[in-house]
Amino acid sequence: MKGLGKLPWFHVGSFVKKNNRFWGFWRIALNLCTMYNVGLYKKDDEMGALICENYAMLLILSIFDIPIGFGEKTVEAVCEERGVDTETFLAIVNLFVNEESPSEEVKGRLSVPALTDFLRRSHVYFLEYRLPAIRRKLVEIMQGELMTEGVKDHNADIARLMMRFYDEYVDEVRKHMNYEDEVVFPYVETLLSAKGRPVGYEIAIFSKHHDHVENKLTEFKNLIIKYYPAKSSVKINSLLYDIFNCASDLRLHNAVENELYVPAIQIQESMRNPKR
């Protein structure tokens, strides 16, 4: 590609198109630039384009119970059809894709019921689907390894240790999410429905004791990578791939709580005087 670095950018495309050996590379580069949208998504963007550019958004659609098949409809149109607050949906999407927290003005307009519903549905996703699916795959791998001829006793000990570690981790996640379901969400619903502010609790209490539940999953992942003597890389790597994705999903969950939910509740608290 001699001399290409000296060409103005608007001539690069025509240069590589005339030189077929560079055209495949150029198309890949263009596709990569298109695949990852670096700007904030807006309500008049096509929902289909959002998913094609960032397939991880399928998680958010699933949690909001928004089915695919929306043609060329905009984000706003799809959200209105499904009864989802558009501004709240976009705040979650942009937080996940661009790690962009909205302004204080936007946080004040977010729908607290929509955020509560998103978090509550997330709990169902993790506790009833994501984490049990990982455990089933883990059990399959561990049992297969232990039944292999010649497996040493210390390998069996490692397998049992990993199962115990994972089960303890899931118990912690369940405890964390049950606390939100049984304490935080009812408090928020009471706060929104009452004329005054309930006494004896505030969202800052939750914020101070808010455990980042994805951290221990990262420890589990590192434990497998460093110490599990797998005989086959295919299944264990598939498990690790699921764990990496689950950790990413949990980071989104925590980001929604820390960057959107807690600030939105604090705004609501500031609007209400303490109940005497």
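Residues numbered from 1 in each chain as written. Predicted model: local features only at pLDDT ≥ 70, side-chain atom pairs only at ≥ 80, totals over all residues. Heavy atoms only, no water.

Engineer: Can you help me understand the overall build of the chain in this one?
Structural biologist: Of regular secondary structure, the chain possesses 12 helices and zero strands. The linear arrangement of helices and strands in the chain, starting from the amino end, is α-α-α-α-α-α-α-α-α-α-α-α. For the chain, the residues scored as buried account for 41% of the 276 residues in total. A fraction of 72% describes how many contacts in the chain between residues 6 or more apart in sequence connect residues 24 or more apart. For the chain, the exposed surface amounts to about 16100 Å²; the carbon and sulfur share of it is 53%. (Helix = DSSP H or I, 4+ residues; strand = E, 2+ residues; numbered from the N terminus. Buried < 20%, exposed > 50% of the residue type's maximum accessible area, 1.4 Å probe, protein only. Contact = heavy atoms within 4.5 Å. Areas by Shrake-Rupley, 256 points an atom, 1.4 Å probe, with all protein chains shown as cover.)

Engineer: What am I meant to see in empty space enclosed by the protein here?
Structural biologist: One way to see where empty space is left: roll a probe the size of a water molecule over the atoms. Per the counting criterion, the structure on display carries two cavities of 30 Å³ or more. Here the second largest cavity is characterised by a volume of approximately 30 Å³. The wall of the second largest cavity is formed by Lys107, Gly108, Leu110, Val112, Ala264, Ile267 and Gln268. Only helix H7 (104-109) and helix H12 (233-270) provide two or more residues apiece to the lining of the second largest cavity. Ranked by residues supplied to the lining of the second largest cavity, first place goes to H12 with three residues. (1 Å grid on protein atoms, 1.4 Å probe; cavity = no way out; pocket = protein on both sides within 12 Å on 5 of 7 lines; lining within 4 Å. Points joined across faces, edges and corners; volume = space filled by probe spheres on them.)

Engineer: Explanation requested: the environment of Ser193 in the structure shown.
Structural biologist: Within the secondary structure layout, Ser193 lies in helix H9 (residues 153-193). Judged by relative accessible area, Ser193 falls into the exposed class, the value being 60%. Reaching out from Ser193, the side chain makes a polar contact with the backbone oxygen of Glu189 at a distance of 3.0 Å. Polar side-chain contacts of Ser193 include one of 3.2 Å to the backbone oxygen of Thr190. (Polar contact = N/O pair within 3.5 Å; in protein donor to acceptor, adjacent residues only side chain to side chain.)

Engineer: I'm lost on unusual backbone geometry in this one. Help?
Structural biologist: Negative phi characterises most residues that are not glycine, and trans characterises most peptide bonds. Notably, Asp65 is not glycine yet its phi reads approximately 60 degrees, a positive angle. By the element assignment, Asp65 lies in the loop between helix H4 (57-63) and helix H5 (75-82).

Engineer: What exactly am I supposed to notice about helix H6 (residues 86-98) here?
Structural biologist: A turn of α-helix holds 3.6 residues, and therefore any two residues three or four places apart point the same way. The terminal C-alpha atoms of H6, which comprises 13 residues, lie 17 Å apart, in line with the 18 Å expected from a rise of 1.5 Å per residue. Counting buried positions along H6 gives 10 out of 13 residues, so the element sits mostly inside the fold. Of the positions making up H6, those classed as buried are Thr86, Thr88, Phe89, Leu90, Ala91, Ile92, Val93, Asn94, Leu95 and Phe96. Remark: Glu99 follows H6 within two positions and exhibits a positive phi of approximately 55 degrees. (Expected span 1.5 Å × (residues − 1).)

Engineer: Would you mind showing me how to read the nonpolar core here?
Structural biologist: A general tendency of soluble globular proteins is for nonpolar side chains to be buried together. One finds Ile60 and Phe89 to be the most contacted residues of the largest nonpolar core, which totals 74 residues. Residues in contact with Ile60, not counting those within four places in the same chain, are Phe89, Ile92, Val93, Phe96, Phe118 and Leu252. (Core = buried A, V, L, I, M, F, W, Y, C linked by side-chain atoms within 4.5 Å.)

Engineer: Just checking my understanding: could you explain the packing of H6 against H12 for this structure?
Structural biologist: When two helices pack together, their arrangement is captured by the angle between the axes and the distance separating the axes. Following both chains from N to C, one finds H6 and H12 inclined at 125 degrees, their axes separated by 10 Å at the closest point. Taken as axis vectors, H6 and H12 run oblique relative to one another. Note on packing geometry: the crossing formed by H6 with H12 is right-handed. On H12, the residues touching Ala91, Ile92, Leu95 and Phe96 of H6 are Ser248, Leu252, Ala255, Val256, Glu259 and Leu260. Residue classes in the contact of H6 with H12 are distributed as eight nonpolar, one polar and one charged. (Axes fitted to C-alpha atoms, helices over the stretch in contact; angles between N-to-C directions. Parallel < 35°, antiparallel > 145°, perpendicular 65-115°, else oblique. Left-handed = near helix turned anticlockwise from the far one by under 90°. Nonpolar A, V, L, I, M, F, W, Y, C, P; charged D, E, K, R; others polar.)

Engineer: Mind showing me how you'd approach the confidence of the model for the chain here?
Structural biologist: Predicted coordinates in areas of low pLDDT are best not read in detail. Averaged over the chain, the pLDDT score is 81; the fraction of residues at 70 or greater is 77%. Taking the mean pLDDT of every element in the chain, the minimum, 45, falls on helix H1 (residues 9-18) and the maximum, 96, on H5. In the predicted structure, residues 1-17 sits below a pLDDT of 50 and forms 14 contacts with residues beyond four places in sequence or in another chain. Every residue in residues 28-38 is under pLDDT 50, and counting partners more than four places away or in other chains gives nine contacts. (pLDDT = per-residue confidence, 0-100.)

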